[in-house]
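Secondary and tertiary structure notes
Read off the chains here:
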Amino acid sequence: MLLGPPGSGKGTLATSLSEHLGVAVFVTGDALRAAIDAKSKLGEKVKADVEAGRLVDDETILALAQGFLAAHPEGVLFDGFPRTIRQAAGLRSLVSAEDDLHVIYLDASEETITSRLTSRRVCPGCGEIYNMRFKPPKKDGVCDNCGTTLIRRKDDTEEVIRDRYQVYLRETAPLVDYFARELLRVDGNLSGDKVLERIRGELCPA
Ligand code: AMP
């Protein structure tokens, strides 16, 4: 699983790491946003929380994670789950052997994440993540991969980013101690390529 504040690079890392490890990724935020777009029952239930940057209740999230894990018994890379101690305890109880759980912690400063999130744009078509300052698309406002118009997430405004960071500090940062034994700490202030290089070095040392 990937742990770290919003904007620490979990999404970018999840894409490259899942290819490298050959496992399915479960991005809780994407699953919730897809449900909102589809106007499903789940979407209606979580819309207000997601758009305001508040956490969705633990039962809903645990049911989603459990369902995904059951469908992928060979292994899953979780991005954005768990986010509370209750969710973390739920994940532990779902994993059969203790050494089956690995936690990568992307440690990034508030300055780094605010600067990344305010200039982040995402492709609603294929999920590619851009940054108007560090990784702009080739053609302004359009995805390089699929040509879809890029959007700014509703919760990527400065005010909501500040709230999301406070929620992270209060609810999720305690997971760093909770998972102390399983934790691989990586400097999330580095570029995506550098982060992947470090993790590959740790997971498959030469
Ligand atoms: P993210 O895309 O990971 O930044 O998540 C966007 C939003 O989805 C969060 O601000 C929460 O409202 C909700 N969310 C995502 N993952 C979780 C989780 N594990 N627990 C509760 N809420 C979540």
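Residues numbered from 1 in each chain as written. Predicted model: local features only at pLDDT ≥ 70, side-chain atom pairs only at ≥ 80, totals over all residues. Heavy atoms only, no water.

**Observations concerning the site of the ligand**
We apply this condition: Near, as used in this document, describes a residue that has one of its heavy atoms within 4 Å of the molecule or strand being considered. Any pair of nitrogen or oxygen atoms within 3.5 Å is treated as a polar contact; in protein, a donor-acceptor pairing is required on top of that, and neighbouring residues in sequence qualify only through side-chain atoms on both sides. Here the Shrake-Rupley method, with its probe set to 1.4 Å, supplies the accessible areas, and only the displayed protein chains count as covering residues. Helix and strand definitions follow DSSP, with helices as H or I runs of at least four residues and strands as E runs of at least two, each counted in order from the N terminus. Amino acids outside the nonpolar list (Ala, Val, Leu, Ile, Met, Phe, Trp, Tyr, Cys, Pro) and the charged list (Asp, Glu, Lys, Arg) are all regarded as polar, and Gly is one of them.
Surrounding the ligand, one finds 18 residues, the nearest of these being Thr28, Arg54, Gly80, Arg83 and Gln87. Arginine 153 places a side-chain nitrogen or oxygen 3.1 Å from an oxygen atom of the ligand. Protein burial of the ligand: of its 480 Å² of free accessible surface, 96% is covered by the chains. When contributions to the shell around the ligand are tallied by element, the ones reaching two or more residues are α2 (28-37) and α3 (41-52). Top contributing element to the shell around the ligand by residue count: α2, with four residues. Grouping the constituent residues of the shell around the ligand by class yields six nonpolar, five polar and seven charged.

**Comments concerning helix α7 (residues 158-172)**
How we decide: By this rule the span expected of a helix is its residue count minus one, scaled by 1.5 Å. Three exposure classes are used, based on accessible area relative to the maximum for each residue type with a 1.4 Å probe and protein chains only: buried under 20%, partly exposed in between, and exposed over 50%. Directions from the helix axis toward the C-beta atoms define the arc. Here, two residues are considered to be in contact whenever any of their heavy atoms come within 4.5 Å of each other.
Here α7 contains 15 residues, and its C-alpha end-to-end distance of 20 Å stays within 8% of the 21 Å for a straight helix at 1.5 Å per residue. Those residues of α7 not exposed but buried are Val160, Ile161, Arg164, Tyr165, Val167, Tyr168 and Thr172. Buried residues of α7 fall within an arc of 160° about the axis and therefore sit on the same side. In α7, the exposed positions that point more than 90 degrees away from the buried face belong to Glu159 and Arg170. If you follow the buried residues of α7, they end up packed against β1 (2-3), α3, β4 (103-107), α6 (110-118), β5 (120-122) and α8 (175-178).

**Concerning the nonpolar core**
Cut-off, in case you're wondering: Only buried Ala, Val, Leu, Ile, Met, Phe, Trp, Tyr and Cys residues count toward a nonpolar core, and they belong to the same one when joined by side-chain atoms within 4.5 Å.
Among the nonpolar cores identified, the biggest contains 29 residues, and Met1, Leu3, Phe78, Phe81, Leu91 and Phe179 are the most heavily contacted of them. The residues touching methionine 1, leaving out its near neighbours within four places in the chain, are Leu77, Phe78, Phe81, Pro82, Leu91, Leu101, His102, Val103, Ile104 and Phe179. Counting twelve residues, the second largest nonpolar core, distinct from the first, contains Ala14, Ile104, Leu184 and Leu196.

**A closer look at the pattern of salt bridges**
The condition is simple: Throughout this description, the term salt bridge denotes a Lys or Arg side-chain nitrogen within 4 Å of a carboxyl oxygen of Asp or Glu.
A full pass over the atoms with the stated rule returns 13 salt bridges. For the salt bridge of glutamate 182 with arginine 92, the shortest nitrogen-to-oxygen distance reads 2.8 Å. Taken as a pair, glutamate 182 in the loop between α8 and β7 (183-187) and arginine 92 in helix α5 (residues 85-94) lie far apart in primary sequence, 90 residues in all. Arginine 92 gets classed as partly exposed once you look at its relative accessible area, which sits at 26%. The salt bridge partner of arginine 153 is aspartate 155, with a shortest N-O separation of 3.0 Å.

**A few points about unusual backbone geometry**
The omega torsion across phenylalanine 81 and proline 82 is -5°, close enough to zero to call that bond cis. For proline 82, the position within the fold is in the loop between β3 (76-79) and α5. Although it is not a glycine, lysine 39 sits at a positive phi angle of roughly 55°.

**Considerations on the packing of α2 against α3**
Selection rule: To get an axis, a line is fitted to the C-alpha atoms, and for a helix only the part in contact is used. The angle between two axes follows their N-to-C directions and goes from 0 to 180 degrees. If an angle is under 35 degrees, it is roughly parallel; if it is over 145, roughly antiparallel; if it lies from 65 to 115, roughly perpendicular; otherwise it is oblique. Whether a crossing is left-handed or right-handed is set by the direction in which the near helix is turned from the far one by less than a right angle, anticlockwise for left-handed and clockwise for right-handed.
The contact between α2 and α3 brings their axes to 8 Å, and the two run at 120°. One way to sum up the angle between α2 and α3 is to call them oblique. Of the two elements, α2 crosses α3, and the hand of that crossing is left-handed. Facing α2, whose interface residues are Leu32, Arg33, Ala35 and Ile36, α3 presents Leu42, Gly43, Val46, Lys47, Val50 and Glu51. Considering only residue class, the contact of α2 with α3 consists of six nonpolar, one polar and three charged.

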